[in-house]
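Coordinate inspection notes
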Amino acid sequence: MSNIGVLIVGSGPAGVAAAESFRKAGGTSAVTIVTTDSSRPCFRPPLSKDFLRGDVSASEIELHTAQWFSDLGIELIRDDTVVSIDIHAQRATTHGGRSIFYAQLILASGADPKPLAVPGGHKALPLRSLHDAEVLRDAASGADTAVVVGAGFIGCEAAASLAHRGIATTLVTPDQVPQQKRLGFSAGERITDFLSEAGVQYVGGVKVSAVHGDSVRLDNGVSITTDVVLAATGVAPRTELVARTGISMAAERIAVDEHMRTSIANVYAAGDVALAINRIAGRRVLVEHWQDAITQGTIAGANAAGESSSWCEVPGFWTTIGDRTLKYAAWGDGYGRARLVEKEAGFSVWYETNGITVGILTLDADDDYAEGQNRIRSGAALPW
Ligand SMILES: Cc1cc2nc3c(=O)[nH]c(=O)nc-3n(C[C@H](O)[C@H](O)[C@H](O)COP(=O)(O)OP(=O)(O)OC[C@H]3O[C@@H](n4cnc5c(N)ncnc54)[C@H](O)[C@@H]3O)c2cc1C
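Please read these numbers as outputs of a predicted model, since none were measured by experiment.

1. As for the overall build of the protein chain
Scanning the protein chain from N- to C-terminus turns up nine helices and 27 strands. C-alpha atoms of the protein chain, sized along the principal axes, occupy 55 × 55 × 35 Å. With 384 residues in all, the protein chain has 53% of them scored as buried. The contacts in the protein chain between residues at least 6 apart in sequence include a share of 60% that link residues at least 24 apart. Working note: accessible area of the protein chain is about 16,400 Å², and carbon and sulfur atoms make up 47% of it. On the protein chain, the mean spot of the 33 positive side-chain charges and the mean spot of the 43 negative ones are 4 Å from each other.

Below, the structure is given as structure tokens:
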């Protein structure tokens, strides 16, 4: 049994940023992070890019050294999972038998990949943790062929990285073009071009119906023989811990205000598991992005130390597919109209709703990206 100040569940960017900012804001009580991960916290974005290509090693993508944690007085308990929380006793219990009393609790348990829900779908590899990435990279090292299921950013990035290794890679998705719903048809066509440049065969408009032996069966009757199958079929927030705690939920995530406070005093949530109010947007905004997890974790940690910080950034992320880096900033909850503008070296796609700028996607157009962020933040109209 131990007694601590701040208990943080999860060692992703939200959890680690929360611990760091608690200290930076002057928090002096003990800080403990409990994580299911067996490895020290790492950058996830390279897992589908440089790491999968084989360009960086696991040690090169560590977030911080062991010394960093010890210098900041942050205890990192790895390879253990918080299995229950007693809100009234302010106590967490772990799978490994630990019982930890806390003064403040920060839930940063992130998300898990959704399994490929078809017969034999369990044979498809997931990609979330460093361990997942190591398994995938090992499988890829002996492979001639790969099938990636799903054309979200992780699917597109991973497919391009597998193709870069010389593996004949097919990306299968029900979407005619990648991310048509989120980014629009024109942007999706450009992403299809990037995939093709990277050597990926894009098979849109079909669903996987089964994985059987070494073949992936599609609902149009075609079977693809493959050495590796990757399921890039989205993520589900890890909220099982909050069941029966009385903590309020919204859209299957932990509902928090702009300060990352849950409905229970002294309990915060941040990152992919949370659904936070963005002060500028004036509403809850769903994000599953690296930098936003850091921002939200930083806010939760600072507020746990007594500050009053709130979420007022425009969310966004960068993604690299082959050699192309797209930058996206948006509220992310839909748009009325999208307009693609050709630029000297790349392009920009502007998104608007009722005359207000709500998103920007750019390739090699940083001036538009900065301008778009400003317009989204201020609720301004499109530039024309
Ligand atoms: C391959 C890949 C590439 C990506 N690339 C990009 C990118 O280029 N740009 C971008 O913006 N975003 C990217 N993302 C998304 C980004 O990594 C996530 O949005 C971000 O990691 C979310 O951070 P988080 O701290 O909320 O959760 P996570 O990073 O999921 O961390 C959650 C942590 O909680 C732990 N945990 C869960 N439940 C428990 C429990 N009960 N007890 C103890 N520990 C628990 C987990 O083990 C994990 O350590 C990528 C993600 C992946 C997987």
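2. Observations regarding the site of the ligand
What surrounds the ligand is a group of 36 residues, the closest being D37, R44, K49, R128 and D272. Between V82 and the ligand, the recorded distance is 2.9 Å, taken from a backbone N or O atom to a nitrogen atom. Contacts to the ligand include H289, whose backbone N or O atom sits 3.3 Å from an oxygen atom. Surface burial for the ligand is 95%, taken as the share of its 1,000 Å² of free accessible area covered by protein chains. Every element with two or more residues in the shell around the ligand is listed here: α1 (13-24), α5 (153-164), α8 (290-304) and β23 (316-321). In terms of residue class, the shell around the ligand is built from 16 nonpolar, eleven polar and nine charged. Residues lining the shell around the ligand come from more than one domain, with at least three contributed by each of domain 1 (2-45 + 60-112 + 235-304) and domain 2 (115-231).

3. Notes on α8
The terminal C-alpha atoms of α8, which comprises 15 residues, lie 21 Å apart, in line with the 21 Å expected from a rise of 1.5 Å per residue. A large share of α8 lies buried, amounting to twelve of its 15 residues. Along α8, the residues classified as buried are W290, D292, A293, T295, Q296, G297, I299, A300, G301, A302, N303 and A304. Check the buried side of α8 and you find it contacts α1, β8 (104-107), β20 (267-269), β21 (274-278) and β23. Where α8 terminates, the next one or two residues include G306, which has phi positive at roughly 110°.

4. Here we look at the environment of A133
Tracing the backbone shows A133 in helix α4 (residues 130-141). Look at A133 and you get buried, because its relative accessible area is 1%. Taking the C-alpha atoms as reference points, A133 and P46, separated by 87 residues in sequence, lie 9.7 Å from one another. Not counting the four nearest positions on each side in its chain, A133 is found in contact with L47, F51 and L127.

5. With respect to the side chain of T295
Topologically, T295 is positioned in helix α8. Relative accessible area serves as the criterion here: at 15%, T295 is assigned to the buried category. Here T295 is in contact with W311 and E313, once residues within four sequence places are set aside.

6. Things to note about the layout of surface pockets
Reported here for the second largest pocket is a volume of approximately 160 Å³. What lines the second largest pocket is simply P13, V16, A17, E20, S21, K24, L63, H64, W290, I294 and T298. When contributions to the lining of the second largest pocket are tallied by element, the ones reaching two or more residues are α1 and α8. In terms of residues, the lining of the second largest pocket owes the most to one element, α1, which gives six residues. Tallied by class, the residues present in the lining of the second largest pocket amount to six nonpolar, three polar and two charged.

7. Here's the deal with the pattern of salt bridges
With the rule as written, the count across this model stands at 21 salt bridges. With a shortest N-O distance of 3.3 Å, E62 and R40 are connected by a salt bridge. Taken together, the residues E62 in the loop between α2 (50-53) and α3 (66-71) and R40 in the loop between β3 (31-34) and α2 connect sequence positions 22 residues apart. Here E157 and K49 are joined by a salt bridge, their closest N and O atoms 3.1 Å apart. Of this pair, E157 sits in helix α5 while K49 sits in the loop between β3 and α2, and the two are 108 residues apart along the sequence. E157 gets classed as buried once you look at its relative accessible area, which sits at 5%.

8. Comments concerning the environment of S223
Position of S223 among the secondary structure elements: in strand β15 (residues 223-225). C-alpha separation for the pair S223 and P126, spaced 97 residues apart in sequence, amounts to 21 Å. Setting aside residues up to four positions removed in sequence, S223 forms contacts with S215, V216 and R217.

9. A look at the domain arrangement of the protein chain
What the domain assignment lists for the protein chain is domain 1 (2-45 + 60-112 + 235-304), domain 2 (115-231) and domain 3 (334-378). Computed over C-alpha atoms only, the centres of domain 1 and domain 3 are separated by 33 Å.

Reading the values: the criteria
- Residues numbered from 1 in each chain as written.
- Predicted model: local features only at pLDDT ≥ 70, side-chain atom pairs only at ≥ 80, totals over all residues.
- Heavy atoms only, no water.
- Helix = DSSP H or I, 4+ residues; strand = E, 2+ residues; numbered from the N terminus.
- Buried < 20%, exposed > 50% of the residue type's maximum accessible area, 1.4 Å probe, protein only.
- Contact = heavy atoms within 4.5 Å.
- Areas by Shrake-Rupley, 256 points an atom, 1.4 Å probe, with all protein chains shown as cover.
- Lys, Arg positive; Asp, Glu negative; His and termini not counted.
- Charge placed at Lys NZ, Arg CZ, Asp CG, Glu CD.
- Near = heavy atom within 4 Å.
- Polar contact = N/O pair within 3.5 Å; in protein donor to acceptor, adjacent residues only side chain to side chain.
- Nonpolar A, V, L, I, M, F, W, Y, C, P; charged D, E, K, R; others polar.
- Domains from an automatic or database assignment.
- Expected span 1.5 Å × (residues − 1).
- 1 Å grid on protein atoms, 1.4 Å probe; cavity = no way out; pocket = protein on both sides within 12 Å on 5 of 7 lines; lining within 4 Å.
- Points joined across faces, edges and corners; volume = space filled by probe spheres on them.
- Salt bridge = Lys/Arg side-chain N within 4 Å of Asp/Glu carboxyl O.

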